[in-house]
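# Coordinate inspection notes
Each chain, letter by letter, is given below.
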Amino acid sequence: MQVRAMFSEKQPNYRYMPINDNMADVFIYKFIEEVKNEEDNTTQFVHDMNEFRVNISEITEDMIKENPMKYLTYNPDKSNILLEERISALEDAVLEMAGVIYNG
């Protein structure tokens, strides 16, 4: 989902961050403007941005790099998540909670 965000530094056009062998978090940034704060003499950088998680075999970093703005409004359809991926994610969450309960 595209949102407007402010940062203390100008952002790159994108960030593609693999989180495991199958998935990556993607951040798309479109620079809008610089805003000066006269009170504390700081500059904020306003960007439109989008973030989403993708299967790295479906959307590669090269695809993002080729045209990041194509993905500024990208919204992955959550209903296309494979049942196996959902079960795996649920198993991981249960094991993590069990570790907190038994080690806590």
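Note: the structure precedes this text.
The present account deals with the structure reproduced in this document. Please read all numbers here as calculations on a predicted model, not as lab measurements. (Residues numbered from 1 in each chain as written. Predicted model: local features only at pLDDT ≥ 70, side-chain atom pairs only at ≥ 80, totals over all residues. Heavy atoms only, no water.)

## Comments concerning the overall build of the chain
Scanning the chain for helices and strands turns up 2 helices and 4 strands. Ordered by position from the N terminus, the helices and strands of the chain form the series β-β-β-β-α-α. Out of the 104 residues in the chain, the part that is buried amounts to 25%. A total accessible area of about 8,000 Å² is found for the chain, and carbon and sulfur atoms account for 51% of it. (Helix = DSSP H or I, 4+ residues; strand = E, 2+ residues; numbered from the N terminus. Buried < 20%, exposed > 50% of the residue type's maximum accessible area, 1.4 Å probe, protein only. Areas by Shrake-Rupley, 256 points an atom, 1.4 Å probe, with all protein chains shown as cover.)

## Things to note about the nonpolar core
If you look at the biggest cluster of nonpolar residues, it comprises 11 residues: Tyr14, Tyr16, Ala24, Val26, Ile28, Phe52, Val54, Ile59, Ile64, Tyr71 and Leu72. Within the residue set of this core, elements represented by two or more residues are β2 (14-18), β3 (23-37) and β4 (42-55). When neighbours within four sequence positions are excluded, isoleucine 28 is seen to be in contact with Asn13, Tyr14, Asp48, Met49, Asn50, Phe52, Ile64, Pro68, Met69, Tyr71 and Leu72. (Core = buried A, V, L, I, M, F, W, Y, C linked by side-chain atoms within 4.5 Å. Contact = heavy atoms within 4.5 Å.)

## Structural notes on the side chain of asparagine 55
With respect to the helices and strands, asparagine 55 occurs in strand β4. Each residue touching asparagine 55, except ones within four places of it in the same chain, is listed here: Asn22, Met23 and Glu85.

## Remarks on the pattern of salt bridges
Evaluated as defined, the whole model comprises 2 salt bridges. Between aspartate 48 and arginine 4 there is a salt bridge; the shortest N-O distance is 2.8 Å. Pair noted here: aspartate 48 is in strand β4 and arginine 4 is in strand β1 (residues 3-7), with a separation of 44 residues, a long-range link. With a closest N to O distance of 2.7 Å, aspartate 25 and arginine 53 form a salt bridge. Of this pair, aspartate 25 sits in strand β3 while arginine 53 sits in strand β4, placing them 28 residues apart in sequence. Judged by its relative accessible area of 44%, arginine 53 is partly exposed. (Salt bridge = Lys/Arg side-chain N within 4 Å of Asp/Glu carboxyl O.)

## A few points about unusual backbone geometry
One non-glycine residue, asparagine 41, lies in positive phi territory at about 55°. Here asparagine 41 is to be found in the loop between β3 and β4. In this structure asparagine 41 comes out as exposed when scored by relative accessible area, which is 69%.

## Concerning the sheet that holds β2
Note: strands within a sheet are paired through backbone hydrogen bonds, in either parallel or antiparallel orientation. Strand order in the open sheet formed by 4 strands is β1-β4-β3-β2, and the pairing between neighbours is antiparallel. Every other strand in the sheet has two partners, leaving β1 and β2 as the edge strands with one partner each. Going from strand to strand, the sheet's axes swing by 30° on average, the running direction of each strand aside. As defined by bridge partners, β1 adjoins β4 across 5 bridges and the pair is classed as antiparallel. Of the residues in β4, the one forming a bridge with alanine 5 is histidine 47. (Pairing = 2+ DSSP bridges. Axes fitted to C-alpha atoms, helices over the stretch in contact; angles between N-to-C directions.)

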